[in-house]
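Letter by letter, the chains look like this.
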Amino acid sequence: MSAKVNFIQAINMALDDAMAEDDGVLVLGEDVADPQEGGIAGVTKGLSSKYGELRVMSTPIAEQAIMGAAIGAAITGFRPVAEIMLMNFTTVAMDMIINHAAKLRFMSGGQTSVPLTIRTMTGAGFGNGGQHCDYLEAWFAHTAGLKVVTPSSPADAYALMRACIADEDPCLFIENLPSYWVQGDAPERGTVAELGKAKVLREGSDVSLISYGRTISDCLVVAEQLAEEGIQAEIVDLRTIAPYDKATVAASVEKTGRCVIVHEAVTPFGVGAEIAAYLQDELFGSLHAPVKRVGSVFSPVPFSKPLETAFLPSHDDVISAVKSTFK
Amino acid sequence: MKETQQPDREVLLDMYRRVNLIYQNDERLRSAIRSGKIATTYYSPRGQEVIPAAVSVNLTDEDYICTIYRGVHDMLAKGAPVKEIWAEIGGRATGTCKGKGGPMHITHPATGVMVTTGIVGSSLPIANGLAWASQLRDDKRVTVAYFGDGASNIGAVHEAMNMAAVKKFPVVFVCQNNGYGEHTHYSLSTSARQISDRAAGYQMPGVTVDGNDPVAMYVAAKEAIDRARNGDGPTLIEAKTFRFMGHVLGDADGYMDKEEKKQAMANDPVPRFRQWMLDQGHAQEEQLAEMEAAITAEIDEALAFTLSSPMPDVAELKRDVFAEELN
């Protein structure tokens, strides 16, 4: 039996291995160094003791200053991994991320580049309310010059983090806080994923479930329930949201003729809308039913447990969306 | 003022050359825009010539600057090539950024012009990152962040000043206080008696200097740059100056105090510096005339180069968005 690790351990290993391999890899953010306990969940624990507090730099609570420092260092050739503790806090640093990190390569005519990774965590389920849990990936995917990545397993968290650090462009790496402690197979150290490549996690002939991040685990459960009813679902894990793997998505939906896109972000104007539009453009004649989307309710993330549960997409939501494609 | 800090004759001549280059460049550029040879929005630095000239004679090509949309004087003073700057402003393929950035985003890493931003206040957080890179490499480079008095009221500036002070980044913050943020007078937008007072809140030296006085400006810049280079941390310099051409070329100046503007223009720092050089015996008339003629020729050449250069190929839209060209 292979060893098990959780997401925190896998990401920590990826950072550690990347820093050991390349002196240019840096880590910065609130509380990331060891005197501050390596972050609120300990993802960066041990790194500053090993690589020093100039390379693993705890910062003030100042997201614009964090992103600015990361961008400046990246322009000179470093590969910073900047932690913006929670995804909602990226809103404070949007100018730096959107106007600068994403655009400097283009605006400079290719003279400068920003090989930067932004780590951020989010996700509802912990009762953290309206400003700590949003999935905002569509905003970033909508910006030319940014890549958006999110893992669904610890092993992928390792390989995708390594890929983001190695990439020449700014990458936003989204971690799901409520599943940080979920265990999975340990990564093979040194594995670097290819960005922009999806993975078929379960093969099926009747319907394609396209998802990424935490909701992949929902899709895996739902697929077993559907199988009991004779529906074979194929699960495609995007892994990279932008640019997403159009070929793998299209091949799966061409085969099944039915598609449900599942994400935790609210449904309107989301990643699901983009993929649905793409599929209807490419595969209109091969679709047996309209492409369906399942996401959170279009409201701010609520606090109270019953509200939070109703806000998030449920297994039943996915099942009824799948069944609607058979009507 | 210590005698040893005074600029010697060679330095004064070098400063005057840069001032005159900025002055002639601006006169010619405005004329080229007004006559329709070049089509662009333009934020003239006329009246602010001395500040970056006095700063830049204390910098090397290896030192970095981050500047802003009203920043062509800062780039020229730093040594960025006149021809390529003009071609960029003209939207030509031969521009510093292949015509993809324009006047608000001119970048020229070979002379240390690392970022030019169109977002008020955003030069400072990125300058910190360049300075952090110098700390990491221990290369003794200094980074200068230019910004205006209007920017001193935006949050990013304060986040950046705080972080620079905490981390002792080798950076110099140069606020060119021209009395107006867009169309609003200093007195209506800024609570501080003077911008340099704000340095006290960050435990860093803050000085207010007459930015149009070449010697005073040189002395203040040298002290701050030496301090940064020696590892003693950041300085805030408030350089008092005036903007002769309003916010954007063509604005009607209806918001400006006519008497204030008249007085400032009567005190034009460019002819004043020239006359002072002659009066003090630092230069002879023929010598300056020869220098100015060479600059005129250089600008003639830049204009001709621009007008004879091709516009960018539309295929450029797919290049430099990411490291890899888009399909």
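Residues numbered from 1 in each chain as written. Chains lettered and ligands numbered in written order. Predicted model: local features only at pLDDT ≥ 70, side-chain atom pairs only at ≥ 80, totals over all residues.

1. Description of the UniProt feature "domain: Transketolase-like pyrimidine-binding" (unreviewed entry) in chain A
The cut-off we apply is this: UniProt positions are given in the numbering used here, feature names are shortened, and annotations may be inferred rather than shown by experiment. Only DSSP runs of H or I covering at least 4 residues are called helices, and only runs of E covering at least 2 are called strands; the numbering of each starts at the N terminus.
Per the UniProt entry, the sites bearing "domain: Transketolase-like pyrimidine-binding" (unreviewed entry) are residues 5-182 of chain A in this numbering. End-to-end, the C-alpha atoms of residues 5-182 of chain A are 8 Å apart, and along that stretch the chain is 35% helix and 19% strand.

2. With respect to the domain arrangement of chain A
Residue and element names in this part refer to chain A. Note the following rule: Note that the domain bounds reflect an automated or database-derived domain assignment. Residues are sorted three ways: Asp, Glu, Lys and Arg are charged, Ala, Val, Leu, Ile, Met, Phe, Trp, Tyr, Cys and Pro are nonpolar, and all the rest, Gly among them, are polar.
According to the domain assignment, chain A consists of domain 1 (4-185) and domain 2 (199-324). In this structure, domain 1 and domain 2 have C-alpha centres spaced 26 Å apart. Among the secondary structure elements, those contributing two or more residues to the side of domain 1 that touches domain 2 are α6 (137-141), β6 (147-149), α7 (154-166) and β7 (171-176). Looking at the side of domain 1 that touches domain 2, its residues break down into 11 nonpolar, nine polar and four charged.

3. Thoughts on the packing of helix α3 (residues 63-75) of chain A against helix α5 (residues 123-137) of chain B
Selection rule: Axis lines are fitted to C-alpha atoms, over the contacting stretch for helices. Their N-to-C directions set the angle, which ranges from 0 to 180 degrees. An angle counts as roughly parallel when it lies under 35 degrees, as roughly antiparallel when it exceeds 145, as roughly perpendicular when it falls between 65 and 115, and as oblique in every other case. Here is the rule for handedness: rotate from the far helix to the near one, and if that takes an anticlockwise turn smaller than a right angle the crossing is left-handed, while a clockwise turn gives right-handed. C-beta atoms are first placed from the backbone for all residues, and any pair lying within 7 Å is then listed as a contact.
Where α3(A) meets α5(B), the closest approach of the two axes is 6 Å, and the angle between their N-to-C directions is 50°. Here α3(A) lies oblique to α5(B), going by the angle between them. The handedness of the crossing between α3(A) and α5(B) comes out as right-handed. Here α3(A) contributes A:Q64, A:A65, A:M67, A:G68, A:A69, A:A70, A:I71, A:G72, A:A73 and A:I75 to the contact with α5(B), which in turn contributes B:P125, B:I126, B:A127, B:N128, B:G129, B:L130, B:W132 and B:A133. Looking at the contact of α3(A) with α5(B) residue by residue, the class counts come to 13 nonpolar, five polar and no charged.

4. Section: the packing of helix α1 (residues 9-34) of chain B against helix α10 (residues 269-279) of chain B
All names here are of chain B. Direction vectors running N to C along α1 and α10 enclose 150°, while the axes themselves pass 10 Å from each other. Classified by the angle their axes make, α1 and α10 are roughly antiparallel. Of the two elements, α1 crosses α10, and the hand of that crossing is left-handed. Residues L12, Y16, V19 and Y23 of α1 form the contact with α10, whose own contacting residues are V270, F273, R274 and M277.

5. Some words on the sheet that holds strand β14 (residues 292-296) of chain A
Residue and element names in this part refer to chain A. Rules: Should DSSP find at least two bridges between two strands, the strands are taken to pair.
Strand order across the open sheet formed by five strands is β9-β11-β10-β13-β14, with mixed pairing between neighbours. Every other strand in the sheet has two partners, leaving β9 (199-202) and β14 as the edge strands with one partner each. Strand-to-strand twist across the sheet, computed as the mean angle between neighbouring axes with direction ignored, equals 25°. Where strand β10 (residues 207-211) and strand β11 (residues 233-237) come together, five bridges link them in parallel fashion. When the sheet's bridge partners are listed, V207 is paired in β11 with A233. Where helix α10 (residues 271-283) meets the sheet, it contacts β10, β13 (259-266) and β14, and its direction lies at approximately 155° from that of β13. Most of the contacts of helix α12 (residues 315-324) go to β14, to which it runs at about 165°, and overall it touches β10, β11, β13 and β14.

6. A look at the UniProt feature "domain: Dehydrogenase E1 component" (unreviewed entry) in chain B
Those places that UniProt annotates as "domain: Dehydrogenase E1 component" (unreviewed entry) correspond, in this numbering, to residues 20-313 of chain B. Span residues 20-313 of chain B is 44% helix and 13% strand, its end C-alpha atoms 35 Å apart.

7. Thoughts on the nonpolar core
Condition: When buried Ala, Val, Leu, Ile, Met, Phe, Trp, Tyr and Cys residues are joined through C-beta atoms within 7 Å, the set is termed a nonpolar core. Residues are called buried when their C-beta atom has 20 or more other C-beta atoms within 10 Å, exposed when it has 12 or fewer, and partly exposed otherwise; all C-beta atoms are positioned from the backbone.
Judged by nonpolar contacts, the single largest core of 193 residues is most densely connected at B:V174 and B:I237. Counting contributing residues, this core receives three or more from each of domain 1 (4-185) and domain 2 (199-324) of chain A. If we skip the residues at most four places from it in the chain, B:V174 touches B:I51, B:V55, B:V144, B:A145, B:Y146, B:I237 and B:A239.

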